[in-house]
Number of protein chains: 4
Amino acid sequence: MPEVVFSVDQARSMRDQNVPGHNRWHPDIPAAATVRPGAEFRVECREWTDGQIGNNDSANDIRDVDLSPCHMLSGPIAVEGAEPGDLLVVDILDLGPIPQETGGIAGQGWGYTGIFAKQNGGGFLTDYYPDAYKAIWDFHGQQATSRHIPGVRFTGITHPGLFGTAPSPELLARWNAREQALIDTDPLRVPPLALPPLTDGTLAGTLTGDALAKVGAEGARTVPPRENGGNHDIKNFTRGSRVFYPVHVPGGMLSGGDLHFSQGDGEITFCGAIEMGGFIDFHVDIIKGGMEKYGVTTNPVFMPGNVEPRYSEFISFVGISVDHGTDTNHYNDATLAYRNACLNAIEYLKTFGYSGEQAYLLLGAAPIEGRVSGVVDIPNACCSLYLPTAIFDFDIRPTADGPRRADRGQCAVSS
Amino acid sequence: MPEVVFSVDQARSMRDQNVPGHNRWHPDIPAAATVRPGAEFRVECREWTDGQIGNNDSANDIRDVDLSPCHMLSGPIAVEGAEPGDLLVVDILDLGPIPQETGGIAGQGWGYTGIFAKQNGGGFLTDYYPDAYKAIWDFHGQQATSRHIPGVRFTGITHPGLFGTAPSPELLARWNAREQALIDTDPLRVPPLALPPLTDGTLAGTLTGDALAKVGAEGARTVPPRENGGNHDIKNFTRGSRVFYPVHVPGGMLSGGDLHFSQGDGEITFCGAIEMGGFIDFHVDIIKGGMEKYGVTTNPVFMPGNVEPRYSEFISFVGISVDHGTDTNHYNDATLAYRNACLNAIEYLKTFGYSGEQAYLLLGAAPIEGRVSGVVDIPNACCSLYLPTAIFDFDIRPTADGPRRADRGQCAVSS
Amino acid sequence: MPEVVFSVDQARSMRDQNVPGHNRWHPDIPAAATVRPGAEFRVECREWTDGQIGNNDSANDIRDVDLSPCHMLSGPIAVEGAEPGDLLVVDILDLGPIPQETGGIAGQGWGYTGIFAKQNGGGFLTDYYPDAYKAIWDFHGQQATSRHIPGVRFTGITHPGLFGTAPSPELLARWNAREQALIDTDPLRVPPLALPPLTDGTLAGTLTGDALAKVGAEGARTVPPRENGGNHDIKNFTRGSRVFYPVHVPGGMLSGGDLHFSQGDGEITFCGAIEMGGFIDFHVDIIKGGMEKYGVTTNPVFMPGNVEPRYSEFISFVGISVDHGTDTNHYNDATLAYRNACLNAIEYLKTFGYSGEQAYLLLGAAPIEGRVSGVVDIPNACCSLYLPTAIFDFDIRPTADGPRRADRGQCAVSS
Amino acid sequence: MPEVVFSVDQARSMRDQNVPGHNRWHPDIPAAATVRPGAEFRVECREWTDGQIGNNDSANDIRDVDLSPCHMLSGPIAVEGAEPGDLLVVDILDLGPIPQETGGIAGQGWGYTGIFAKQNGGGFLTDYYPDAYKAIWDFHGQQATSRHIPGVRFTGITHPGLFGTAPSPELLARWNAREQALIDTDPLRVPPLALPPLTDGTLAGTLTGDALAKVGAEGARTVPPRENGGNHDIKNFTRGSRVFYPVHVPGGMLSGGDLHFSQGDGEITFCGAIEMGGFIDFHVDIIKGGMEKYGVTTNPVFMPGNVEPRYSEFISFVGISVDHGTDTNHYNDATLAYRNACLNAIEYLKTFGYSGEQAYLLLGAAPIEGRVSGVVDIPNACCSLYLPTAIFDFDIRPTADGPRRADRGQCAVSS
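Residues numbered from 1 in each chain as written. Chains lettered and ligands numbered in written order. Predicted model: local features only at pLDDT ≥ 70, side-chain atom pairs only at ≥ 80, totals over all residues. Heavy atoms only, no water.

Observations concerning the side chain of Glu47(D)
Residue and element names in this part refer to chain D. Applied cut-off: Runs of E in the DSSP output that reach at least two residues are strands. Runs of H or I that reach at least four are helices, and both are numbered from the N terminus. Throughout this description, buried means an accessible area under 20% of the type-specific maximum (1.4 Å probe, protein chains only), exposed means over 50%, and partly exposed covers the range between. Charge assignment: positive for Lys and Arg, negative for Asp and Glu; neither His nor the chain ends contribute. In the sections that follow, a salt bridge refers to a side-chain nitrogen of Lys or Arg positioned within 4 Å of a carboxyl oxygen of Asp or Glu. Polar contact criterion, stated in full: a pair of N or O atoms within 3.5 Å, where within protein one must be able to donate a hydrogen and the other to accept it, and residues adjacent in sequence count only if both atoms are side-chain atoms. Residues are treated as being in contact if the distance between any of their heavy atoms lies within 4.5 Å.
Secondary-structure assignment places Glu47 in the loop between β3 (40–45) and α1 (60–63). No salt bridge is formed by the buried Glu47; its nearest oppositely charged neighbour, Arg46, is found at 6.2 Å. A distance of 2.7 Å separates the side chain of Glu47 from the side chain of Tyr112, its partner in a polar contact. Sequence-distant contacts of Glu47, that is, excluding residues within four places in its chain, are made with Gln52, Ile53, Met72, Ala106, Tyr112, Met276 and Gly277.

Following this line, the structure appears as structure tokens:
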């Protein structure tokens, strides 16, 4: 086990750790640890809500979740010698749930997937599923099952939802400007178009007083992915991956968390992965001047690992950029096309006895593939969704006999 | 070799075949052949432009292509007993280029990838690459190389770009209405938002006179995928795939063509696959009442085959829904996110010496994966693109030494 | 389609072709064609018995097969500039059954797997299954089914069983000496330990008279693999493979045939693959002095292709080097260990209702993996056999309910 | 983390644990713990020599290793309700090195591969490499590198070398009889043909006095795999695997250890895996009467997991059953064929600058495939060995330029 450079006592909030983490992106947040290029080290992580969600059969905690402290990140880790323009080479050597305990914090033998209520951010299908729901997943080594979605067992594609480097002041200012401009186009929208800086709940490592207030006033929220990496929610950042992060400040300042036991492409329920606290082991190195050398001007580049769960048979669903409810054609809209592919998959799963909510949660959590299949056949973008058949303990394929419908229970609902 | 139920003489236009195919979707187009459930049969196909593109080093033919006759489809094949509401089970047993000849028609040992000019439909990156370009690919069994993109050799993920069933009159009317409504929002846009029915160049099998004129006036263009399947351009419809098509008219009336030797997710150059004529072998069956049984209300469902080319190492690119040129944030726009992932990949490849056009053509043709990674982390959708490293004959991975830049020639350009 | 440099009229014996092939290894057999390094070309092949086996429900033809003319090979193809000590680089671009016909010759839409009778060579389990049996397989694109083994459908791992270069006179003499020495240890054994040269039935291209008689008297039989490649029966010589053959005579003199639609590791029924005639497309090149450069002193080196059928779930069987019938321990005998793994798999399949013969034929033909798992844990070698579960249309995995036994018919037997 | 039912303090010998394990197979060894069907639990393991091998640059410890205490196993674990004739369903949920420490015991961040001296058991190529050698591997998450074999980095295929159930007295007696009969055929052979019971060094859990002496006198050595499972050294018993063990005594009595960070097929250096102590997490269940239901009369059946490292390009080597040194032909001897494939691979690797010992160690440790390709083409069995090209940081494929030879250091040797 490599040296732990950021440690977490899971019995306490991130705010109460010996060295606290942070929940905003800002260049002023001081390094929690410093490592050298070539170092291997461990970072321990809280689950992203800092422990608000319980292992129970009610979705009230999902409905009532306070998003102001999210995501609770570990770091920043400064890498000696990293300078703006470099690429920070980050190998994800290993990651997993909280190793040594069982208990009430997600990651201690279990995790959860939530559908957020439309009033609280919503999810990808919030117009169809506006209420809060939850599924609890039990871990069995690398596999997961859920009492809320019976008949399913799959190998998780474990990965961090969120890691990134610190923005420079200039980059941060651009983020805030462009996102506020978007908000200003429809400031009262529910859910909102974007999330502006928020002082409430801000944590910035050891900063206090004015320094903390500055981070609260300026710090970018952690929800979207941006030029520093951030909340990619790319399920393929698995063990053995190598990520090349742009460096925007001296030391690079690597931070992250939001570990996922598994996730389907899109993370469609918003809190759609199987969320957990845990650990992640890194190796870091630097490519001097790598951004220019390799033409990296915006987002990170990466190479996925080679131990993703291997499935070979899929039942697949197609969506196009038409609003079928109103028969309205949108122009080459891959978001809508993928939404339709998801809805088509849910309707299919319902014929086997699952509720729509269960199917929605499953598509968020299981290692499904979501592909941009066609984005030139105007006016209809075409996306496709690949669901492994082997994750079901019954035959999910279409046959002349029709689907094997059964009572498949229900997920956790809100009261 | 199964019985050929739709044959093509590649020396002649689709219009001049003994039994001609068609290039619009319309329920009045008569069956070119009839098969029974359980049948295995072969359909021969023209390449989608009916032979307008040559094996040469000029992109003028791409620039000047006449789209009115496209796509030239083989069929319809009626399946006995298929009725509206059924699912037509279509196994893709085999497909490939034109088997017995060499010559000047795409599919005769070679194929092409084109970037359409902005004035003629454009492609996914038409604002960045508004002119016409072309790459010719030589076939070596299942592998392809191009004199226009040296240093690359890959196994094609061979598939039909376009197969579908005939629409009912009601469904056709809905298509025309919703697409016209979209066009009406910006009728002068270049390229257009959608393509309305077009009498010029219409081919409707053996129909002539008023019957042909009716198909020309009402028939849906073949470019977009719709509820009947159609031009999905899903690269995973490979050998061994099983597709479940909705049936909208008696007999189902299966038609198709637009065979691709290979294609990357998105088919980003519009004519982005490696286009070819050839053959496709089917087995068909019926699930009676399958649409209701399995909750299929819009698009087909499918199961991909198990002989896709196996690559295991990728260099991957990320895009988010920000217009980086103007620093404008768009809301959860997966189309824009994937466009940025493509642009990032192109910039990366340029550091090795490829022109942007070459890189663009390569991403359209090689078996790259395009994934909808995150569509809930507002405001930024996140898409990712996976480029197999093994298709290059040099090391494409980032290293401390920087990219191995070389003179890598140029694709075919227009004069 | 590349140029055909060795053509076969499947209506006629190999003996009656315009340019006949050969069925012995001998340096005197003249080149049937000559190609240059860098050439791509097609070779057409007879099935290995030259058409002795029919598409019917009797195994009498298997029982009575005349092995003296086997294997009927296409070639030799001389490669300009190849000299002893070089490596001949052979790319298998494509291969498949007889393309343009249906009919009575294996490869015309069907193939066969045979269990040879103990009196006629036997197979790997000949002490357990001493009689002749046969299964006919129907081709559906890349997939196969058999009326003789219902409930099974799989994607074939198509490959040539046999390709190789010509031996030098010295190498040929060594082969004959060492094989005769083996035969001499038990000359009356049934089946024999090895097959000496045999004049009867010898075909040596266009040679006649004394030249032919010399080949008959000296020519090595084609059954075993040797330093020239030969009858490897390695199922992984699939499309896209690259083989580096040692060159022992000027021109290399590449010959081969024995095409297999599919085969399991070991080819355990002897005629255990799905046998067929067909075509194979090659690209050739030379590495000058490659044998010494790469330390190749005996057998070819190769790189398998990347389109092998992708299965991801297996039921696996283990065997050790103990004769369980007599409780006799053999020392680190991988042959015996693999035989036991095969027998264990057969006993397992019998509990589902298959006959032992059906199971034996299936293991010979389906793309099963056979692995040398442990060869150091004295005294017991350990081999393992991996059977893809997805090839069965019922659940083949062990469950608490026990196997789903059914009447599964029977293979073709001899009268 | 599941409950630990067998715990190990890695600072102490297995003999000095609170509940010691055992190193012989015998039905009298009492259960160290009892679990119910459906239980999930952890077993901690010593590395197989109980800590005799150090992380240093001398192979003297390998040369001088005392095999009498090997393998040091954890267990037995009794499963309530298991009875002779049942199948014990054992899921390998997870396994890995020693989690919480760094230090001098294999598994604490490192492991080793050894070539045993011919005088001390030898390995698969002991006639070619009769002396002792060693390589130390450093763990980086799931990947390994070695200062003794530079230029190589691979993802380990982590698995237990040895797990099994207890033999019945009758089965044990048969083992002893048949192995002694083998030894008697050449009792003075070096290395010996098999290992008879050995009182010295016997550990039998908490047994002492006469009971311990009886186990020493009768207990089967742990080196070979047998009808109870045992030392399979099947590299595919990875995370997610399900093994169905025959039950021979009440409770089944599951024991094991010999964890491997990685191993190539064959474990050819004898101590050829990357050896380590660590932990393994199980789920167990029972199929009542499963041996008869599924025709399991000898060895376990298993289903491998789906997270094996994914490699897609291989350089492959072929061997046949000829002793090329003496030009002696053996009959269908897969052991010899695989030995030749290994020797051919070693000669190939030597042309790049590795010593033979380094190459031998690498083939033992890396996730190479060893296949029984043909065992019917008399007289020559044919085996093949698949080495992933991606594990090298230089191009290992044959090219016209010849191998990239470099100084690649040397492994640990004995003085």
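That covers the picture; the talk isn't over yet.
Details of the domain arrangement of chain A
Residue and element names in this part refer to chain A. Operational definition: Domains are outlined according to an automatic or database domain assignment. When two parts are put together, the accessible area they lose, computed with a 1.4 Å probe and summed over both, is reported as buried area. Amino acids are sorted into nonpolar (Ala, Val, Leu, Ile, Met, Phe, Trp, Tyr, Cys and Pro), charged (Asp, Glu, Lys and Arg) and polar (every other residue, Gly among them).
Here the domain parsing of chain A yields domain 1 (3–303) and domain 2 (314–413). On a C-alpha basis, the centroid separation for the pair domain 1 and domain 2 is 27 Å. Taken residue by residue, the interface counts 39 residues in domain 1 and 31 residues in domain 2. Around 2,800 Å² of area is buried between domain 1 and domain 2 when both sides are counted, 66% of it from carbon and sulfur atoms. For the domain 1 face of the interface with domain 2, the top three residues by lost area are Phe124, Tyr129 and Asp265, together amounting to 22%. Notably, a salt bridge pairs Lys235 with Glu369, separated by 3.1 Å at the nearest N-O pair. Linking domain 1 with domain 2 are 20 residue pairs in polar contact (both at pLDDT 80 or more). Broken down by secondary-structure element, the contributors of at least two residues to the side of domain 1 that touches domain 2 are β6 (110–115), β7 (133–140), β9 (154–155) and β15 (270–275). Tallying contributions element by element places β7 first for the side of domain 1 that touches domain 2, with four residues. Its residues assigned to classes, the side of domain 1 that touches domain 2 comprises 18 nonpolar, 15 polar and six charged.

Quick word on the interface of chain C and chain D
Short version of the rule: In this description, strands pair whenever DSSP reports at least two bridges between them.
The interface of chain C with chain D comprises 88 residues on the first partner and 88 residues on the second. Interface area, chain C with chain D, both sides summed: about 7,400 Å², of which 60% is carbon and sulfur. At the boundary of chain C with chain D, the tally comes to six salt bridges. Two residues, Arg178(D) and Asp327(C), come together in a salt bridge whose shortest N-O distance is 3.0 Å. Linking chain C with chain D are 44 residue pairs in polar contact (both at pLDDT 80 or more). Looking at the side of chain C that touches chain D, the elements that each hand over two or more residues are α2 (169–184), β11 (225–226), β17 (301–303), β18 (314–320), α5 (334–350), β21 (369–374) and β22 (382–388) of chain C. In terms of residue count, the dominant contributor to the side of chain C that touches chain D is β18(C) (seven residues). Pairing analysis gives two bridges linking β18(C) to strand β17 (residues 301–303) of chain D, with the strands arranged antiparallel. Its bridge partner being in β17(D), Phe317(C) is matched across the sheet by Val301(D).

Details of the relation of the copies chain C and chain D
Defined as follows: Here the copies are superposed with least squares, the fitted atoms being C-alpha atoms of residues at a pLDDT of at least 70 in both.
The transformation that overlays chain C on chain D combines an axial shift of 0.0 Å with a rotation of 180 degrees, and the residual RMSD is 0.0 Å. Considering both components of the superposition, the chain copies are consistent with a two-fold axis. If distances are taken from each C-alpha of chain C to the rotation axis, the shortest is found for Arg371(C), at 2.2 Å. A high fraction, 100%, of the interface residues of chain C reappear at the interface in chain D, so the copies pair face to face through one surface.

Here we look at helix α2 (residues 169–184) of chain D
Inclusion rule: Here, expected helix span is obtained from the residue count minus one, scaled by 1.5 Å. What the arc covers is the set of directions going from the helix axis to the C-beta atoms.
Compared with an ideal rise of 1.5 Å per residue, which puts 16 residues at 22 Å, α2(D) spans 22 Å between its outermost C-alpha atoms and is within 8% of the ideal. Among the residues making up α2(D), those that are buried are Leu171(D), Leu172(D), Trp175(D), Arg178(D), Glu179(D), Leu182(D) and Ile183(D). Angularly, the buried residues of α2(D) cover 145 degrees about the axis, an arc narrow enough to put them on a single face. Close packing links the buried residues of α2(D) with β18, β19 (322–323) and β20 (328–329) of chain C together with α3 (209–218) and β11 (225–226) of chain D.

Some thoughts on the state of the cysteines
Inclusion rule: The definition used for a disulfide is geometric: two cysteine sulfur atoms within 2.5 Å.
Evaluated as defined, the whole model comprises zero disulfides over all chains. For Cys271(D), which is in no disulfide, the shortest distance to another cysteine sulfur is to Cys70(D) and amounts to 8.8 Å.

Description of the packing of helix α5 (residues 334–350) of chain D against helix α6 (residues 356–365) of chain D
Residues and elements named next belong to chain D. Using the following cut-off: Simply put, an axis is a line fit to the C-alpha atoms, just over the touching stretch for a helix, and the angle between two N-to-C directions goes from 0 to 180 degrees. Here roughly perpendicular refers to angles of 65 to 115 degrees, roughly parallel to angles under 35, roughly antiparallel to angles over 145, and oblique to all remaining angles. Less than a right angle of anticlockwise turn of the near helix away from the far helix marks a crossing as left-handed, whereas a clockwise turn marks it as right-handed.
Closest axis-to-axis distance for the α5/α6 pair is 9 Å, and the angle between their directions is 125 degrees. What the angle tells us is that α5 and α6 run oblique. As for how α5 packs across α6, the hand of that crossing is right-handed. Of α6, the residues touching α5 (which contributes Cys342, Ala345, Ile346, Leu349 and Lys350) are Gly356, Ala359, Tyr360, Leu362 and Leu363. Of the residues belonging to the contact of α5 with α6, the class tally is eight nonpolar, one polar and one charged.

Topic: the pattern of salt bridges
On inspection of all chains with the given rule, the structure shows 105 salt bridges over all chains. With a closest N to O distance of 2.9 Å, Asp57(B) and Arg147(B) form a salt bridge. Residue Asp57(B) is located in the loop between β3 (40–45) and α1 (60–63), and its partner Arg147(B) is located in the loop between β8 (143–146) and β9 (154–155); the two are separated by 90 residues in the primary sequence. Residue class for Arg147(B) comes out partly exposed when judged on its relative accessible area of 39%. Here Arg63(B) and Asp64(B) are joined by a salt bridge, their closest N and O atoms 2.8 Å apart. In this structure, a network of salt bridges that share partners links the residues Lys235(A), Asp265(A), Glu369(A), Arg371(A), Lys235(B), Asp265(B), Glu369(B) and Arg371(B).

Overview of the packing of aromatic side chains
Note the threshold: Pairing of aromatic side chains requires ring centres within 6.5 Å, counting the rings of Phe and Tyr and the six-membered ring of Trp. Pairs whose planes differ by under 30 degrees are stacked, by over 60 edge-to-face, and all others tilted.
One pass over the full model with this rule turns up 76 aromatic pairs over all chains. With 6.1 Å between their ring centres and 45 degrees between their planes, Tyr294(A) and Phe352(B) make a pair best called tilted. Of this pair, Tyr294(A) sits in the loop between α4 (290–293) and β17 (301–303) while Phe352(B) sits in the loop between α5 (334–350) and α6 (356–365), placing the two residues on different chains. Taking relative accessible area as the criterion, Tyr294(A) reaches 1% and is therefore assigned buried. Taking 5.4 Å as the distance between ring centres and 20 degrees as the angle between the ring planes, the aromatic pair formed by Tyr348(A) and Tyr294(B) counts as stacked. Here Tyr348(A), found in helix α5 (residues 334–350), pairs with Tyr294(B), found in the loop between α4 (290–293) and β17 (301–303), and the two come from separate chains.

Concerning the pairing of strand β22 (residues 382–388) of chain A
All names here are of chain A. Within β22, seven of the seven residues are buried, which leaves it mostly tucked inside the rest of the structure. Neither face of β22 is exposed, since Cys382, Ser384, Tyr386 and Pro388 on one face and Cys383, Leu385 and Leu387 on the opposite face are all buried. In this structure, strand β18 (residues 314–320) lies alongside β22, joined through seven bridges in antiparallel fashion. Looking at the pairing, Ser316 lines up with Tyr386 of β22.

Structural notes on unusual backbone geometry
All names here are of chain B. Along the chain, Val190 connects to Pro191 via a cis peptide bond; the corresponding omega equals -10 degrees. Its place among the elements puts Pro191 in the loop between α2 (169–184) and α3 (209–218). If you check the backbone angles, Asn332 has positive phi at about 50 degrees while not being a glycine. Following the sequence through the fold, Asn332 ends up in the loop between β20 (328–329) and α5.

Examining the pairing of strand β6 (residues 110–115) of chain C
Residue and element names in this part refer to chain C. With six of its six residues buried, β6 lies for the most part within the structure. Direction of pairing for β6 relative to strand β7 (residues 133–140): antiparallel, over a ladder of six bridges. The residue of β7 that forms the bridge with Thr113 is Ala135. Relative to strand β15 (residues 270–275), β6 runs antiparallel, the two sharing three bridges. Following the sheet pairing, Gly114 is matched in β15 by Cys271.

Section: the environment of Val215(A)
Residues and elements named next belong to chain A. Structurally, the position occupied by Val215 is in helix α3 (residues 209–218). Residue Val215 is classed as buried on the basis of its relative accessible area of 0%. Expressed as a C-alpha distance, the spacing of Val215 and Leu203, which sit 12 residues apart in the sequence, is 8.4 Å.

Section: the confidence of the model for chain A
Filter applied, for reference: The quantity known as pLDDT measures the predictor's confidence residue by residue, on a range of 0 to 100.
Per-residue confidence for chain A gives a mean pLDDT of 96; residues scoring 70 or more make up 100%. Both scores are given for the predicted complex: the pTM is 0.96, the ipTM 0.96.

Observations concerning the environment of Gly319(C)
As for its position among the elements, Gly319(C) is in strand β18. Gly319(C) gets classed as buried once you look at its relative accessible area, which sits at 0%. Along the primary structure Gly319(C) and Ser355(C) are separated by 36 residues, whereas in three dimensions their C-alpha atoms are 21 Å apart. Among residues more than four places away in sequence, those in contact with Gly319(C) are Ala337(C), Asn340(C), Ala341(C), Ala381(C), Cys382(C), Cys383(C) and Asn299(D).

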